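# Architecture and fold: a report
Each chain, letter by letter, is given below.
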Amino acid sequence: MGNFPAAINAYSEAINISPSLPKLYINRASCYIVLNLYEDAVVDCTRALDLLTPPVEANRFSRVRTLAKRGSALCQLGSFQEALKDYELAHKLSPENESLKQDLDILRTQMGHGSLNEDKPPITVT
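None of these values were measured; they are calculated from a predicted model.

### A word on the overall build of the chain
The helix and strand inventory of the chain stands at six helices and zero strands. Counting all 126 residues of the chain, 38% fall into the buried class. With an accessible surface of roughly 7,400 Å², the chain has 55% of that area assigned to carbon and sulfur atoms.

Structure (structure tokens):
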């Protein structure tokens, strides 16, 4: 297993040097999620999304990745409505992403909104 606290420190130092690089916030958010520091992950993802402007094709993948990451952290915090908004926006930006579609289906099913794949049985998370 990696040394995530050290990685967080390294990303924090890099952010101090280059605060306008969204990838640094995205990667630090990943570390926060591994350490169950979901509030910090949400903050970093939000900052990264602020930096990923204007929303253009060149940064679409990063926006999708960051929205899904923030949605995941929000789910862990019990903020399901906010998470659903992030997952839906990510899905809208990347409708071909099957993994994202499955995550959105799980969340929607758990929230009672129905599946995007109505022909499949509901997915349950244990």
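Past the structure itself, the notes keep going.
### Let's talk about the pattern of salt bridges
Tallied over the entire structure, the rule returns five salt bridges. Put simply, Arg60 and Glu57 hold a salt bridge, and the shortest N to O gap is 3.0 Å. In this structure, a network of salt bridges that share partners links the residues Glu57, Arg60 and Glu96.

### Describing the side chain of Lys69
Its location among the elements puts Lys69 in helix 4 (residues 60-76). Of the side chains bearing the opposite charge, Asp44 lies closest to the buried Lys69, which forms no salt bridge; the N-O distance is 10 Å. Leave out the neighbours within four places in its chain, and Lys69 touches Ile26, Ala29, Ser30, Ile33 and Cys45.

### Section: the packing of helix 2 (residues 22-34) against helix 4
It is the contact of helix 2 with helix 4, at a shortest axis distance of 11 Å, that shows an interaxial angle of 30°. Comparing their axes, helix 4 and helix 2 come out roughly parallel. Like other packed secondary-structure pairs, helix 2 and helix 4 cross with a definite hand, here left-handed. For the pair formed by helix 2 and helix 4, the contact residues are Lys23, Ile26, Asn27, Ala29, Ser30 and Ile33 on the first element and Ser62, Arg65, Thr66, Lys69 and Ala73 on the second. Of the residues that constitute the contact of helix 2 with helix 4, the class distribution is four nonpolar, four polar and three charged.

### So, the nonpolar core
Counting residues in each nonpolar core, the largest one holds 28 residues, and the members touching the most others are Tyr87, Leu100 and Leu107. Contributions of two or more residues to this core are made by helix 1 (4-17), helix 2, helix 3 (38-51), helix 4, helix 5 (80-93) and helix 6 (98-111). Apart from residues lying up to four places away in sequence, Tyr87 is in contact with Ala68, Gly71, Ser72, Cys75, Leu100, Asp103, Leu104 and Leu107.

### Description of the packing of helix 4 against helix 5
At a closest axis distance of 8 Å, the pairing of helix 4 and helix 5 adopts a crossing angle of 160°. When the axes of helix 4 and helix 5 are compared, the pair comes out roughly antiparallel. As for the relative orientation of helix 4 and helix 5, their crossing is left-handed in sense. Of helix 5, the residues touching helix 4 (which contributes Arg60, Arg63, Val64, Leu67, Ala68, Arg70, Gly71, Ser72, Leu74 and Cys75) are Phe80, Glu82, Ala83, Asp86, Tyr87, Leu89, Ala90 and Leu93. When its residues are assigned to classes, the contact of helix 4 with helix 5 shows eleven nonpolar, two polar and five charged.

### Observations regarding the environment of Leu74
With respect to the helices and strands, Leu74 occurs in helix 4. Sequence spacing of Leu74 and Glu39 is 35 residues, and the spatial spacing of their C-alpha atoms is 8.0 Å. Not counting residues up to four positions away in its chain, the partners in contact with Leu74 are Val42, Ser79, Glu82, Ala83 and Asp86.

### A look at a nonpolar patch on the surface
Judged by side-chain polarity, Val34, Leu35 and Leu37 come together as a nonpolar surface patch covering roughly 200 Å² of accessible area. Checked against the element boundaries, Val34 lands in helix 2.

Cut-off values and rules
Residues numbered from 1 in each chain as written. Predicted model: local features only at pLDDT ≥ 70, side-chain atom pairs only at ≥ 80, totals over all residues. Heavy atoms only, no water. Helix = DSSP H or I, 4+ residues; strand = E, 2+ residues; numbered from the N terminus. Buried < 20%, exposed > 50% of the residue type's maximum accessible area, 1.4 Å probe, protein only. Areas by Shrake-Rupley, 256 points an atom, 1.4 Å probe, with all protein chains shown as cover. Salt bridge = Lys/Arg side-chain N within 4 Å of Asp/Glu carboxyl O. Lys, Arg positive; Asp, Glu negative; His and termini not counted. Contact = heavy atoms within 4.5 Å. Axes fitted to C-alpha atoms, helices over the stretch in contact; angles between N-to-C directions. Parallel < 35°, antiparallel > 145°, perpendicular 65-115°, else oblique. Left-handed = near helix turned anticlockwise from the far one by under 90°. Nonpolar A, V, L, I, M, F, W, Y, C, P; charged D, E, K, R; others polar. Core = buried A, V, L, I, M, F, W, Y, C linked by side-chain atoms within 4.5 Å. Patch = residues over 30% accessible without salt bridge, like charges linked within 9 Å, V, L, I, M, F, W, Y side chains within 5 Å.

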